[in-house]
Amino acid sequence: MPTAPAKRASKPHGNSKVTRADWLHAARDMLVRVGVGGIKILTLSGELGVARSSFYWYFSDRTDLLIALLQTWETRNTRCITDKCDLPAADISHAVCHFFECFIDDTLFDQGLEFGVRDWARHDAEVRAKVEAADATRLAAITGMYARYGFETSEADARARILYFMQLGYHALDITEPMATRMSRLHGYLKGFTGHEPDPGMLEAFRARAANT
């Protein structure tokens, strides 16, 4: 994808109801629904109920919008995983539960945006490179998490890949389960992903958090 052109100087918007975030959210929804080809300024302005010209207070052109959308994805989804993997934990099972927090709270990891970007990457080499870089960053964070709890390098790498690719595959297959069903498998998941027996008190605390999310 080409480099973003310089933005116009910021100035008050003619339609105060619509913000830069609104344009990005509309672009995100269009990406999820129909793919990147459906992200057109005229289409988005119709979705938002504003004049097409209002777009240009926030973005130079469509390319500028697409770059901002990718930055939103990188910031939200990748940072969510790396931040959770860096949190202190009592043991590796507790640490993996921190990782799981990204996927039980819709305000953290945006599943629709994730797979919209991955579909986009199938047809755009520069976006594909960004996806590969994001995967590498996320895997490094998860590998580091395992290493902090005593796993040697090759095992930490293998377990990180199993955990990460399982989680992405779970969403890619569009599996829908009640949260209670997912939580009923938590003990087995943690034992499988860590090789350790999880603390019962930690399990109950995590289940309670999931139930209230």
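Please refer to the structure higher up on the page.
Definitions and cut-offs
- Residues numbered from 1 in each chain as written.
- Predicted model: local features only at pLDDT ≥ 70, side-chain atom pairs only at ≥ 80, totals over all residues.
- Heavy atoms only, no water.
- Helix = DSSP H or I, 4+ residues; strand = E, 2+ residues; numbered from the N terminus.
- Buried < 20%, exposed > 50% of the residue type's maximum accessible area, 1.4 Å probe, protein only.
- Contact = heavy atoms within 4.5 Å.
- Areas by Shrake-Rupley, 256 points an atom, 1.4 Å probe, with all protein chains shown as cover.
- Lys, Arg positive; Asp, Glu negative; His and termini not counted.
- Charge placed at Lys NZ, Arg CZ, Asp CG, Glu CD.
- Core = buried A, V, L, I, M, F, W, Y, C linked by side-chain atoms within 4.5 Å.
- Salt bridge = Lys/Arg side-chain N within 4 Å of Asp/Glu carboxyl O.
- Polar contact = N/O pair within 3.5 Å; in protein donor to acceptor, adjacent residues only side chain to side chain.
- Axes fitted to C-alpha atoms, helices over the stretch in contact; angles between N-to-C directions.
- Parallel < 35°, antiparallel > 145°, perpendicular 65-115°, else oblique.
- Nonpolar A, V, L, I, M, F, W, Y, C, P; charged D, E, K, R; others polar.
- Expected span 1.5 Å × (residues − 1).
- Arc of directions from axis to C-beta.
- Phe/Tyr/Trp six-rings, centres within 6.5 Å; stacked < 30°, edge-to-face > 60°.

S.K.: Account for the overall build of the chain, naming residues and giving values.
M.R.: Looking only at helices and strands, one finds 10 helices and 0 strands in the chain. Of the regular secondary structure in the chain, the N- to C-terminal order runs α-α-α-α-α-α-α-α-α-α. Within the chain, buried positions represent 43% of all 213 residues. Considering only residue pairs separated by 6 or more positions, the chain has 68% of its internal contacts joining residues 24 or more positions apart. Carbon and sulfur atoms make up 55% of the accessible area of the chain, which totals about 10,900 Å². Considering the chain, the positive charge centre built from 26 side chains and the negative charge centre built from 27 side chains are found 6 Å apart.

S.K.: Let's hear about the nonpolar core: which residues, and what values?
M.R.: Ranked by internal contacts, the top residues of the largest apolar core, which has 32 residues, are I81, F100, I142, M145, Y146 and L163. Counting only elements with at least two residues in this core, the list comes to α3 (62-85), α4 (92-104), α6 (125-148), α7 (153-172), α9 (186-194) and α10 (200-211). The leading source of residues in this core is α4, at 9 residues. Beyond its immediate sequence surroundings of up to four residues, M145 is in contact with C85, I92, A95, V96 and L163. Listed in part, the 27 residues of the second largest apolar core include V18, W23, L24 and M30.

S.K.: For the side chain of R182, give the residues involved together with the corresponding values.
M.R.: Along the polypeptide, R182 turns up in helix α8 (residues 179-184). At 4.8 Å, E177 is the nearest oppositely charged side chain to R182, a buried residue that forms no salt bridge. Polar side-chain contacts of R182 include one of 3.5 Å to the backbone oxygen of F103. Ignoring anything within four residues of it in the chain, the contact list for R182 reads F103, I104, Y170, E177 and Y189.

S.K.: Could you give an account of the packing of α4 against α10, naming the residues involved and the relevant values?
M.R.: Interaxial distance between α4 and α10 falls to 11 Å at its minimum, and their mutual angle equals 10°. Here α4 is positioned roughly parallel relative to α10, judged by the angle of their axes. Only M202, F206, R209 and A210 of α10 make contact with α4, whose side of the interface consists of S93, H94, C97, F100, E101 and I104. Its residues assigned to classes, the contact of α4 with α10 comprises 6 nonpolar, 2 polar and 2 charged.

S.K.: Tell me what's going on with α10, and back it up with residues and numbers.
M.R.: The end-to-end C-alpha separation of α10 is 17 Å, in line with the 16 Å expected for 12 residues at 1.5 Å each. Within the span of α10, buried status applies to M202, L203, F206 and A210. Buried positions in α10, seen along its axis, are confined to an arc of 100° and lie on one side of it. Exposed positions of α10 whose direction lies more than 90 degrees from the buried face are P200 and A211. Against the buried residues of α10 lie α4, α8 and α9. Between a side-chain oxygen at the N-terminus of α10 and the backbone nitrogen of G201 the separation is 3.1 Å; the capping residue is D199.

S.K.: Lay out the environment of A125 with the relevant residues and their values.
M.R.: The residue A125 is located in helix α6 in this model. When its relative accessible area of 66% is taken as the criterion, A125 is described as exposed. The spatial distance from the C-alpha of A125 to the C-alpha of F115 is 16 Å, given a sequence separation of 10 residues.

S.K.: Summarise the packing of aromatic side chains; cite the residues concerned and give the values.
M.R.: Summed over all chains, the structure comprises 10 aromatic pairs. Relative to F103, the ring of F99 lies with its centre 5.2 Å away and its plane at 55°, an arrangement referred to as tilted. Here F103 and F99 lie together in helix α4, a separation of 4 residues that amounts to about one turn. Like F103, F99 is buried. Three or more aromatic residues joined by ring pairs make a cluster, and in this case those are F99, F100, F103, F109, Y189 and F193.

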